[in-house]
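# Remarks on the overall topology
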Amino acid sequence: MFPVLTEPDFGSNPGGTITKAEKTDGGYILNGAKMWITNGTVADIAVVWAKLDGRVRGFLVEKGTKGYSAPETKGKLSLRASITSELVFEDCFIPDENLLPGSDGLKSPLMCLTQARYGIAWGVIGLANECYSTALDYSLSRIQFGKPIASLQITQEKLAYMQTQITKAQLLCYQLAKT
Ligand SMILES: Cc1cc2nc3c(=O)[nH]c(=O)nc-3n(C[C@H](O)[C@H](O)[C@H](O)COP(=O)(O)OP(=O)(O)OC[C@H]3O[C@@H](n4cnc5c(N)ncnc54)[C@H](O)[C@@H]3O)c2cc1C
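Here the structure is a predicted model, which is why all the values come from computation and not from measurement. (Residues numbered from 1 in each chain as written. Predicted model: local features only at pLDDT ≥ 70, side-chain atom pairs only at ≥ 80, totals over all residues.)

Moving on: the overall build of the chain. Broken down by element type, the chain carries two helices and eight strands. Ordering the α and β elements of the chain from the N terminus gives β-β-β-β-β-β-α-β-β-α. By the compact-globule yardstick of 16 Å for 179 residues, the chain is too spread out, its C-alpha radius of gyration being 22 Å. Taken along its principal axes, the extent of the C-alpha atoms in the chain is 80 × 35 × 25 Å. For the chain, with 179 residues in total, the buried portion stands at 17%. (Helix = DSSP H or I, 4+ residues; strand = E, 2+ residues; numbered from the N terminus. Rg over C-alpha atoms; globule rule 2.2 N^0.38 Å. Buried ≥ 20, exposed ≤ 12 C-beta atoms within 10 Å, placed from the backbone.)

Next up, the structure:
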């Protein structure tokens, strides 16, 4: 599963995380909710970011934990190749050993985001390529005034602009991969 960070009220601003852990004998009690979590419904373990004493910490939440549910978000308009889920934590008991010991504060979830955003950047380029190829196919098959609209300079200029922007994005991502 991807990191479990985003909440119904906090997406771009993970510092606002509301999901909360409280210390108890032998572990922690977790309460809160997460949104838009990739593969949440099918995952065996969730790496959940929650606030403990006001600081963001990482907890491993195992499937089957009492009070933990991960219903699938139905009716998505796009990105339907992967499952997206809501995660709900209602007085979930998380044993001491499931706290990630080396992470303390926002740095760790932000490191996850850096990795995830790099992957998303390539994904977006793939979508742009698909848009380009659909536009190209259409302009080759759409006949106006006895010829395909792809033969008109104004259409060619649009297609060339698209391809230039896509190539620029590919080079940017490639450069990012090298740094
Ligand atoms: C298919 C899918 C899978 C996902 N998988 C995961 C996952 O596995 N784990 C996870 O933790 N999250 C996941 N997410 C959530 C994703 O990380 C959030 O959607 C993202 O962080 C944006 O948060 P938000 O949707 O709440 O938008 P908001 O934060 O409400 O932002 C709404 C709009 O405001 C703009 N905006 C916000 N803040 C600023 C600002 N400071 N300056 C300028 N503009 C701003 C944004 O660009 C955006 O256009 C997933 C989302 C989707 C759609």
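A few words now on the pairing of strand S4 (residues 55-62). Where strand S3 (residues 45-52) lies against S4, eight bridges are found, and the strand directions are antiparallel. Paired with Val48 across the bridge in S4 is Phe59. The antiparallel hairpin formed by S3 and S4 contains two residues in its connecting segment, where Asp53 sits at a positive phi of about 50°. (Pairing = 2+ DSSP bridges.)

If you trace the six strands from one edge of the open sheet to the other, you get S4-S3-S1-S2-S6-S5, paired in mixed fashion. Strand pairing shows two members of the sheet lacking a second neighbour, S4 and strand S5 (68-69), which therefore form its edges. Note that strand S2 (residues 27-38) and strand S6 (residues 84-95) share nine bridges and pair antiparallel. Paired with Ile29 across the two strands is Phe93, which belongs to S6.

In this section: the environment of Gly64. Following the sequence through the fold, Gly64 ends up in the loop between S4 and S5. Under the C-beta neighbour-count criterion, Gly64 is labelled exposed, with 7 such atoms within 10 Å.

Moving on, we get to the nonpolar core. In this structure, Val4, Leu30, Val48, Phe59, Val61 and Ile94 are the most contacted members of the largest nonpolar core, which totals 20 residues. Taken together, the elements giving at least two residues each to this core come down to S2, S3, S4 and S6. The contacts of Leu30, once residues within four sequence positions are left out, are Ala21, Ala50, Phe59, Val61, Phe89, Cys92 and Ile94. (Core = buried A, V, L, I, M, F, W, Y, C linked by C-beta atoms within 7 Å. Contact = placed C-beta atoms within 7 Å.)

Once the domains are mapped, the chain shows domain 1 (14-103) and domain 2 (109-178). For domain 1 versus domain 2, the distance between C-alpha centres works out to 36 Å. (Domains from an automatic or database assignment.)

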